[in-house]
Amino acid sequence: MTMADDAPGGASAESPHAGFTPVPACWVCGGAALAPVHTALFELSEYARQDPALARYTGATVRIVRCASCGFGQPEALPSLPDFFGRMYDQRWSAEWMETEYTSGYKDLIFRTVLKGLEQRLRGRRTLLDLGAHVGRLMHVAAGRGWAAEGVELNPSTAAHAAKSTGLPVHRMDARELSSAGRRWAAVTLIDVLEHIPEPVAALRSAIAVLEPGGWIAVKVPHGREQLRKEMLRARLSRAYRATVADNLVHVNHFGVRSLTLALERAGFAEVRVEIAAPEVMPAVGAKRALSNAVRLSTWHLGRILPRGVESPLSLHLQAYARKP
Ligand SMILES: [Zn+2]
């Protein structure tokens, strides 16, 4: 069994991890022709006290495979430990860290771009549900543009921070429960969230359920193939650097234009449009960071004007809009 071998020095015979469960078919198109493109490593020793069963995965590896049919990348197997992802995301953020996440505004360009795209499509309807609202910054930016914004955030610390900072409703239940309660919005956002959720089509089906007919979703994800290409290049330039796009399976889905379009269509969306997403812009402290911001911004602008720029190496993140019929 080579699927998820332990690296040397990994879990010992006395404390084996809970193992892996194979993922036999592409989560987006159902294809079974899956070829390995990368190996993800687990390093979860920081959970040794909080969650020993989770920490035992330290040293294990799992391959990331790409679907020959739609180009989607996903793990060859998932940890069998019950609620592996919920346990890994059970992080107790410090108040200072959350406040910096909220105030630094490094994703504001992304949020403004997304909101503008939704405003152009929705013509006056201004209700929004941000799925995976984190510390509430997108809700804050949306409220400033006249949206009635609400959020969904399952992490208790970030949910409390989002509610306190914005004064807006933050639901600690998933979209499926909100849908069952009859709630609907004109727009739903999934920004830097979908790459973290196994079986992404099911997540998109939950999202479409809380949209009004004719409502729009905006999804932003890393561009899987181009992120891997960038990491491989970086590793080639520096021997000390190890290419990584999926360690701890934090990024469990690796989308391309085709697979993101297909995932949205399979969830019931229409009029899918995929573009290059706006970059993060860090608060400019020092020349190095200012240069890095300038490079990110020019890459984005150049990618947007080039024909097929969204398929080029300039396209490191994908931004999709799609309509509920
Ligand atoms: Zn596929």
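This text follows the structure it describes.
These numbers were taken from a predicted model, which means no experiment stands behind them.

Undergrad: Quick question: what am I supposed to make of unusual backbone geometry here?
TA: As a rule of thumb, non-glycine residues mostly have phi less than zero, and peptide bonds are mostly trans rather than cis. Phi at Arg123 takes a positive value of approximately 45°, unusual for a residue other than glycine. Residue position: Arg123 is located in the loop between helix 4 (108-122) and strand 6 (127-131). The phi angle at His134 is positive, at roughly 55°, despite the residue not being glycine. With respect to the secondary-structure elements, His134 resides in the loop between strand 6 and helix 5 (137-144). We classify His134 as partly exposed; its relative accessible area is 28%.

Undergrad: Just to check I follow, could you spell out the packing of helix 8 (residues 200-209) against helix 10 (residues 257-266) for this structure?
TA: Any two packed helices are characterised by the angle at which their axes cross and by the distance between the axes. Two elements in contact, helix 8 and helix 10, have axes separated by 8 Å at closest approach and are oriented at 50°. It follows that helix 8 is oblique to helix 10 by the angle criterion. As helix 8 packs across helix 10, the resulting crossing turns out to be right-handed. Contact residues: Val201, Leu204 and Arg205 in helix 8; Ala263, Leu264 and Arg266 in helix 10.

Undergrad: Where do I start with the side chain of Thr166 in this structure?
TA: Within the secondary structure, Thr166 is located in helix 6 (residues 156-166). A polar contact of 2.7 Å, which involves the side chain of Thr166, links it to the backbone oxygen of Ala162. For Thr166, the contacting residues outside a window of four places in its chain are Tyr102, Gly136, Met139 and His140.

Undergrad: Just checking my understanding: could you explain the sheet that holds strand 2 (residues 34-41) for this structure?
TA: Across the sheet, which stays open at both edges, the three strands sit in the order 2-3-4 with antiparallel pairing between neighbours. For this open sheet the edge positions go to strand 2 and strand 4 (73-75), each flanked by a neighbour on one side alone. Sheet twist, expressed as the average angle between the axes of neighbouring strands with direction ignored, equals 30°. Pairing of strand 2 with strand 3 (residues 61-67), which is carried by seven bridges, proceeds in the antiparallel orientation. In the strand pairing of strand 3, His38 is matched with Ile64.

Undergrad: Looking at this structure, I do not really get the coordination of the zinc ion. What am I missing?
TA: Ideal values for angles at a metal depend on the geometry: 109.5 degrees with four tetrahedral donors, 90 or 180 degrees with six octahedral donors. Each protein donor to the zinc ion is listed here as Cys26 (SG), Cys29 (SG), Cys67 (SG) and Cys70 (SG); together their distances run 2.3 to 2.4 Å. For the zinc ion, the four donor atoms in the first shell make angles of 97 to 116° at the metal, a pattern classed as tetrahedral.

Undergrad: Would you mind going over the pattern of salt bridges with me for this structure?
TA: One side chain can pair with another of opposite charge once the charged atoms of both are near each other. Considering all chains together, one arrives at 16 salt bridges under this definition. One salt bridge connects Arg323 with Glu271, and the closest N-O pair in it is separated by 2.7 Å. Of the two residues, Arg323 is situated in strand 12 (residues 317-323) and Glu271 in strand 11 (residues 270-276); the sequence distance between them amounts to 52 residues. Overall, Arg323 belongs to the partly exposed group, its relative accessible area being 26%. Taken together, the salt bridges that share partners define one network made up of Arg225, Glu226, Arg229, Arg308 and Glu311.

Undergrad: Can you help me understand the pairing of strand 7 (residues 148-152) in this one?
TA: Remark: a regular strand shows side chains that alternate across the two faces of the sheet. Counting buried residues in strand 7 gives four out of five residues, a clear majority hidden from the surface. With helix 5 bridging strand 6 and its parallel neighbour strand 7, the resulting β-α-β unit is right-handed. Each parallel crossover has a hand, and the one from strand 7 via helix 6 to strand 8 (residues 170-171) is right-handed.

Undergrad: Can you walk me through a nonpolar patch on the surface in this structure?
TA: Judged by side-chain polarity, Leu302, Ile305 and Leu306 come together as a nonpolar surface patch covering roughly 300 Å² of accessible area. Position of Leu302 relative to the elements: it lies in helix 11 (residues 287-305).

Undergrad: Just to check I follow, could you spell out the packing of aromatic side chains for this structure?
TA: For any pair of aromatic rings, the description rests on two quantities: the centre-to-centre distance and the angle between the ring planes. Summed over all chains, the structure comprises eight aromatic pairs. Geometrically, the ring pair formed by Phe20 and Tyr57 is edge-to-face, given 5.5 Å between the ring centres and 85° between the ring planes. Of the two residues, Phe20 sits in strand 1 (residues 20-22) while Tyr57 sits in the loop between helix 1 (52-55) and strand 3, which places them 37 residues apart along the sequence. A relative accessible area of 15% means that Phe20 is categorised as buried. Taken together, Phe20, Phe42, Tyr57, Phe84 and Phe85 form an aromatic cluster joined through their ring pairs.

Undergrad: What should I look at first to understand the nonpolar core in this one?
TA: The tendency in soluble globular proteins is for nonpolar side chains to be buried side by side. Membership of the largest hydrophobic core comes to 89 residues, with the highest contact counts inside it found for Leu118, Leu204, Ile217 and Val219. Other than its neighbours up to four places away in sequence, Leu204 contacts Leu190, Leu194, Ile217, Val219, Ala263, Leu264, Ala267 and Phe269.

Undergrad: Could you clarify how one ought to interpret the packing of helix 4 against helix 5 in this entry?
TA: Relative to each other, helix 4 and helix 5 sit at 50°, their axes nearing to 10 Å. Put simply, helix 4 runs oblique to helix 5. Crossing handedness for the pair helix 4 and helix 5: right-handed. Contacts from Asp108, Phe111, Arg112 and Leu115 in helix 4 reach Arg137, Leu138, Val141 and Ala142 in helix 5. Here the contact of helix 4 with helix 5 is built from residues that sort into five nonpolar, no polar and three charged.

Undergrad: Looking at this structure, I do not really get the sheet that holds strand 10 (residues 211-222). What am I missing?
TA: Strands in a sheet are paired, the pairing made by backbone hydrogen bonds, and the direction either parallel or antiparallel. In space, the seven strands of this open sheet follow the order 8-7-6-9-10-12-11, with mixed pairing throughout. The two strands at the open ends of the sheet, each matched to only one other strand, are strand 8 and strand 11. Here six bridges tie strand 9 (residues 185-191) to strand 10, and the two strands are oriented parallel to one another. The partner of Leu190 across the bridge, within strand 10, is Val219. On top of the sheet, helix 4 reaches strand 6, strand 9, strand 10, strand 11 and strand 12; it is set at about 155° to strand 10, its chief contact.

Conventions we followed
- Residues numbered from 1 in each chain as written.
- Predicted model: local features only at pLDDT ≥ 70, side-chain atom pairs only at ≥ 80, totals over all residues.
- Heavy atoms only, no water.
- Helix = DSSP H or I, 4+ residues; strand = E, 2+ residues; numbered from the N terminus.
- Buried < 20%, exposed > 50% of the residue type's maximum accessible area, 1.4 Å probe, protein only.
- Axes fitted to C-alpha atoms, helices over the stretch in contact; angles between N-to-C directions.
- Parallel < 35°, antiparallel > 145°, perpendicular 65-115°, else oblique.
- Left-handed = near helix turned anticlockwise from the far one by under 90°.
- Contact = heavy atoms within 4.5 Å.
- Polar contact = N/O pair within 3.5 Å; in protein donor to acceptor, adjacent residues only side chain to side chain.
- Pairing = 2+ DSSP bridges.
- Donors = N, O, S within 2.8 Å, 3.2 Å for Na, K, Ca; no water.
- Tetrahedral: all angles 85-135°; square planar, octahedral: opposite > 155°, others 65-115°.
- Salt bridge = Lys/Arg side-chain N within 4 Å of Asp/Glu carboxyl O.
- Right-handed = clockwise from strand over helix to strand, strands pointing away.
- Patch = residues over 30% accessible without salt bridge, like charges linked within 9 Å, V, L, I, M, F, W, Y side chains within 5 Å.
- Areas by Shrake-Rupley, 256 points an atom, 1.4 Å probe, with all protein chains shown as cover.
- Phe/Tyr/Trp six-rings, centres within 6.5 Å; stacked < 30°, edge-to-face > 60°.
- Core = buried A, V, L, I, M, F, W, Y, C linked by side-chain atoms within 4.5 Å.
- Nonpolar A, V, L, I, M, F, W, Y, C, P; charged D, E, K, R; others polar.

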